[in-house]
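Each chain, letter by letter, is given below.
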Amino acid sequence: MSLHKDEAIVLSKRAYGESDRIIHLFTREAGKVSAFAKGAGKSQKRFMNTLEPFNHIRLEYFEKQGRGMVRIENADLVGPNSGIEVSMRRACSASFFAEFVDRLTREREPHDTLFTALKEFIDLARTKDPVYADILHYELLMLDILGYHPNFDTCVYCGAAMEEAERLHFSRERGGILCAVCARSLPHRKCAQGLIPGFLSAKAMQDGFATHALEREAQDLMESFLAYHIDVDFRSYRLLKTLVF
Ligand SMILES: [Zn+2]
């Protein structure tokens, strides 16, 4: 058995028997880790509510050889989750990104920049209701880190540069925009004027989309892109969509 020190964001927590808990953590140095927290249930004394979802913690854990579930020895709070509970929008969007990271990474695959992105989004959701452009910004950022980012800059087929106003064709199969010439022979969806500039604006953390209709179209495009390339049905996204968008 070896003792490790790391920092982590709590992704989820579930009961295990009367008084123990199983915690899914996204750690900075080891990536996703499943952890056993003995005595973290009933009394709450041992970990003093440190192991709640969206908390940023510093911890010590034991890992057995063979790398199964780790055992949490100590945990201290670095950044609390307070503020997330204020609105459905905050809670649902934080849940979405926790699930996003949980389902798109493998156990013990370190992703330092993804850790930072998740922490940034949780800090944002603690202090304000995220608008769609905020959510999209972090979605694109995390996809970029994981190697799935759609290309909104140049034609994905021939590489041609385009003015923003000319970016009107999106191929989900090829993962990005097409120029007018390539669009003649390749399957794609026609985008409304202003859609791709809206993506670029959200990516740069500016205002996002000019109208609600463009925002809807962007959601639809992202859903179709993710369904094609990732094919994960995010439970929390369905809730976010029903209750918030
Ligand atoms: Zn082209």
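Residues numbered from 1 in each chain as written. Predicted model: local features only at pLDDT ≥ 70, side-chain atom pairs only at ≥ 80, totals over all residues.

Novice: Describe in detail the pairing of strand β4 (residues 56–63), supporting the description with residues and values.
Specialist: Every regular strand shows the same layout, with side chains that alternate between the two sheet faces. With eight bridges connecting them, strand β1 (residues 2–16) and β4 associate as antiparallel partners. Considered in β4, the bridge of alanine 8 is made with isoleucine 57. Of the pairings in the sheet, the one linking β4 to strand β5 (residues 70–79) comprises seven bridges and is antiparallel in character. Its bridge partner being in β5, phenylalanine 62 is matched across the sheet by arginine 71. (Pairing = 2+ DSSP bridges. Helix = DSSP H or I, 4+ residues; strand = E, 2+ residues; numbered from the N terminus.)

Novice: Residues and numbers for the nonpolar core, please.
Specialist: Ranked by size, the top nonpolar core spans 61 residues in total, and within it Val10, Phe97 and Leu118 carry the most contacts. It is helix α1 (residues 88–104) that contributes the most residues to this core, eight residues altogether. When residues are assigned to domains, this core turns out to be shared by domain 1 (2–79) and domain 2 (84–150 + 190–243), each giving three or more. Among residues more than four places away in sequence, those in contact with phenylalanine 97 are Leu118, Phe121 and Tyr138. (Core = buried A, V, L, I, M, F, W, Y, C linked by C-beta atoms within 7 Å. Buried ≥ 20, exposed ≤ 12 C-beta atoms within 10 Å, placed from the backbone. Domains from an automatic or database assignment. Contact = placed C-beta atoms within 7 Å.)

Novice: I'd like a description of the domain arrangement of the chain, backed by residues and values.
Specialist: Domain boundaries assigned for the chain yield domain 1 (2–79) and domain 2 (84–150 + 190–243). Measuring from the centre of the C-alpha atoms in domain 1 to the corresponding centre in domain 2 gives 26 Å. Taken together, the contacts link 15 residues of domain 1 with 17 residues of domain 2. Those elements that place two or more of their residues in the side of domain 1 that touches domain 2 are β1, β2 (20–27) and β3 (31–37). When its residues are assigned to classes, the side of domain 1 that touches domain 2 shows seven nonpolar, four polar and four charged. (Nonpolar A, V, L, I, M, F, W, Y, C, P; charged D, E, K, R; others polar.)

Novice: Break down the sheet that holds strand β7 (residues 176–178) for me, citing the residues and quoting the values.
Specialist: Taken together, the three strands give an open sheet; going across it, the order is β7-β6-β8, and neighbouring strands pair in antiparallel fashion. Each end of this open sheet is capped by a strand with a single partner; those strands are β7 and β8 (189–190). Here strand β6 (residues 169–171) runs beside β8; their pairing, made up of two bridges, is antiparallel. Directly across from histidine 169, in β8, lies its bridge partner lysine 190.

Novice: Help me get a handle on the sheet that holds β3, residues and values and all.
Specialist: Strands in a sheet are paired, the pairing made by backbone hydrogen bonds, and the direction either parallel or antiparallel. The strand order around the closed barrel built from five strands is β1-β2-β3-β5-β4, with neighbouring strands paired in mixed fashion. Recorded for the sheet is a direction-independent mean angle of 45 degrees between the axes of neighbouring strands. Both β1 and β2 contribute to a ladder of eight bridges, which runs antiparallel. Within the sheet, the bridge partner assigned to arginine 14 lies in β2 and is isoleucine 22. (Axes fitted to C-alpha atoms, helices over the stretch in contact; angles between N-to-C directions.)

Novice: Any chance you could break down the packing of α1 against helix α2 (residues 112–127) for me, citing the residues and the numbers?
Specialist: Where α1 contacts α2, the axes come no closer than 9 Å and their chain directions differ by 170 degrees. Taken together, the axes of α1 and α2 lie roughly antiparallel to each other. On the side of α1, the interface is formed by Arg90, Ser93, Ala94, Phe97 and Val101, while α2 contributes Leu114, Leu118, Phe121, Ile122 and Ala125. When its residues are assigned to classes, the contact of α1 with α2 shows eight nonpolar, one polar and one charged. (Parallel < 35°, antiparallel > 145°, perpendicular 65-115°, else oblique.)

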